[in-house]
Amino acid sequence: MAGPYKPKRSSSWWFRLVVPERHRAAVGKREIKETLGTTDINTALVKHAAKMAEVRAMFASLEQQDASAVDDRADKIVAMGFEALARSNARFHSEVDGFDVGRGLDNVNYFMLRMIGFRARIDWGRDYAAQAQREELGEVDVDLLPMTQPVATDAFSTFAHRDAVTESIAVFENNVAYQGAAFRELARAHLAARDWQAMAFEAQIVAQAAGTPLKPKGRLFEAVAERILRRLVDHRFGHWPANADTMIEPMMTAMATYLPMQGDVEPAVPRRTLTDAMAAWKKRKRIDPELPNKTADEWQGAVDRFRDLTGTEDMTAITRRMVKTFLADVAQLPSRPKRAIEELPLREQIAAAHAGNLPTLSPPTVGKHLAAIRSLLAVAVDEEWIAANPAAGLSVEGSKHTGTERDHFSDEDLRRIYTAPLMTDPDACSDTLFWILLLAPFHGSRPGEHCKLRPREVVNNDDEWVMRFRSDRKRRGASDTPELRPRRQKTEQSVRDVPIHWIVIEAGFLDWVALQIERGEQWVFPDLVADKYGDRYKYLSREINDAIRALGIQDPDKSFYSTRHNFKREGRRRRVSEHDLDQMAGHASLNVGRKYGQGSPIDALKESIDRLEFRSVPWDAVVACAHKRLLLRAEQPRVTTTR
């Protein structure tokens, strides 16, 4: 709109402006539309002008940020591309004593300078083209000569300029002391004229070497072309080819590695990709391809992002620098973005995250991407598809789990949770939420472990009632629902027997389990719905943490998982041995001697666990609430839940 407008159902004037398509992801909407808060047209005009200035400033800032993102990407492409080409050239000359990457980089720059000079003169007209062919090829191919004399344009606006360049090439390129000087002047002229199309061939070569296919148009292409020209102009040679003619064939061979010509015959041995390694990894892990698998899906997501951000998943093209650049890019992706941003290409998601100052992926998440790529490359090494793992030894700072990422609940936090209606009013929440909240702090179990407990796994063992946390050995068919997928525990130590605390028994937990057996339920908490991986805790986790936040516990380091920390702290306060605490929590003991004898006996564990009391909580009210719940539920008929 050119000025304020008034909707049919409003007495106030409004501002409205369509957001350019390139900024919609960052702004989060297609149109900026808001009231100016006035019915007076003169006031509305002033406010409209101020709002327009504000929006234009925002667009200008976004343009600047977009340009910065393009510049950063172009810098990475050119740096990676030149290094890859230099290494390829060094490998080509590996038999030459002392030939290293530095000399390979000299050769790359020299070859590009010569190609620019040759290609420019081919386009200047028949006379210039014939001279260029005589110098580079030793003869003139009339079929390659232009049919008409072109008009002088672009970087070389006059024929006098072209004559001077041709003369300089003839003079300087035959003198070792001045070789390359004339070609460098050609590069400077293209740079000064911003003649990026003159660099289309080199830009595509460099980008392909960096694993990022590039079309010869657009802002990224122009940024890459500009940086290549600046490199050619500024490069200082440590060595110069003694015989220029011998450099053309090896350089073309090296470049052909990254930019295959059309019609090339496929190699006898197919190139292996990360997708191939993924298939081999699944086979080794015996992952059923017909069943969803969380780790496999996370690994596949990392492969997809690697391919999108680097432009390749070819094993032979992956370098250590490429993996590092990939990790740096992944760290800039937005965390849990809105759908409009999530559906954008990854590079645009990164730009949107920068523009909107959005939260980005955490170091542990980036670390998972590295773990996936490193694992798959390790498989490729084992399969002898590649000689070495370029991701080996890399790490992501801050990604390693230290066991202290979650804080414990304070005494006041526990009192607030366990005196809330959640735990004292039988109608305040579901039975499942109530019992899970009651079980967690006393037993140190992972909250999800209780969710996949079967009624027949609450048993009497040596006169003590225990919960038996187990995995399922039986493999089920692909047609099984998530509810029937084999259960897996997190670690070997997670498979264990844990005595039930006396307060939980007094509350009637055994009666609750008996009720589920009587009703023929296969789970202690049958109302839970599993996700596609069979995880029965995922949705309940959100509900519990939302309830905790509603009680005023807002510390981001505290969640329901914090009860595991409280279990350990309370055990130490009550002088329970670390060995017993580890065994009940399912933690691996760091003491070799403690591993002998298969742990403490159940009666000893029972004595230890019953000492936990959490002094800030009046448990009598919670126990009374549990009894009321049991009376109410025993009177109700069984409700069939859709799983």
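Given the structure is predicted, the values throughout are model-derived calculations rather than measurements.

1. Let's talk about the sheet that holds strand 3 (residues 458–461)
Sheet architecture is open: 3 strands sit in the order 3-4-5, paired in antiparallel fashion. Two strands close off the open sheet at either side, each with one partner strand: strand 3 and strand 5 (496–499). Within this sheet the neighbouring strands show an average axis-to-axis angle of 40°, counted without direction. Sheet analysis places strand 3 next to strand 4 (residues 464–469), joined by 4 bridges and oriented antiparallel. Residue pairing across strands places N460 opposite W465, the latter belonging to strand 4.

2. Quick word on helix 11 (residues 294–310)
Since the α-helix packs 3.6 residues into each turn, any two residues three or four apart lie on the same face. Between its terminal C-alpha atoms helix 11 stretches 24 Å, which fits the 24 Å expected from 17 residues at 1.5 Å a residue. By the burial criterion, the buried members of helix 11 are A296, W299, A302, V303, F306, L309 and T310. Down the axis of helix 11, the buried set is contained in an arc of 165°. They therefore lie on one face. Looking at the buried side of helix 11, the elements it contacts are helix 10 (274–285), helix 12 (320–330), helix 14 (346–356) and helix 15 (363–382). Immediately downstream of helix 11, the backbone of G311 shows phi near 85°, a positive value.

3. What about the environment of A626?
Mapping A626 onto the fold places it in helix 26 (residues 619–634). Judged by its relative accessible area of 0%, A626 is buried. With 114 residues separating them along the chain, A626 and W512 place their C-alpha atoms 9.5 Å apart. Setting aside residues up to four positions removed in sequence, A626 forms contacts with F434, W435 and A507.

Calculation criteria
Sequence order sets the numbering: in each chain, residues are counted from 1 along the sequence as written. Only residues with pLDDT of at least 70 get local features here, since the model is predicted, and only at 80 or more are side-chain atom pairs given and counted; chain-wide, interface and lining totals rely on the full set of residues. The basis for the side-chain values is all heavy atoms of the structure; hydrogens and waters are excluded. The rule for pairing is simple: two strands pair if DSSP sees at least two bridges between them. Only DSSP runs of H or I reaching four residues or more are called helices, and only runs of E reaching two or more are called strands; each is numbered from the N terminus. For helices, the fitted axis covers only the stretch in contact; all axes are lines through C-alpha atoms, and the angles between them, taken along N-to-C directions, range from 0 to 180 degrees. The span one expects for a helix is its residue count, reduced by one, times 1.5 Å. Exposure classes here rest on a 1.4 Å probe applied to the protein chains alone. A residue is buried below 20% of its type maximum, exposed above 50%, and partly exposed in between. Directions drawn from the helix axis to the C-beta atoms are what define this arc. Contacts were defined at the residue level, with two residues in contact if any of their heavy atoms lie within 4.5 Å.

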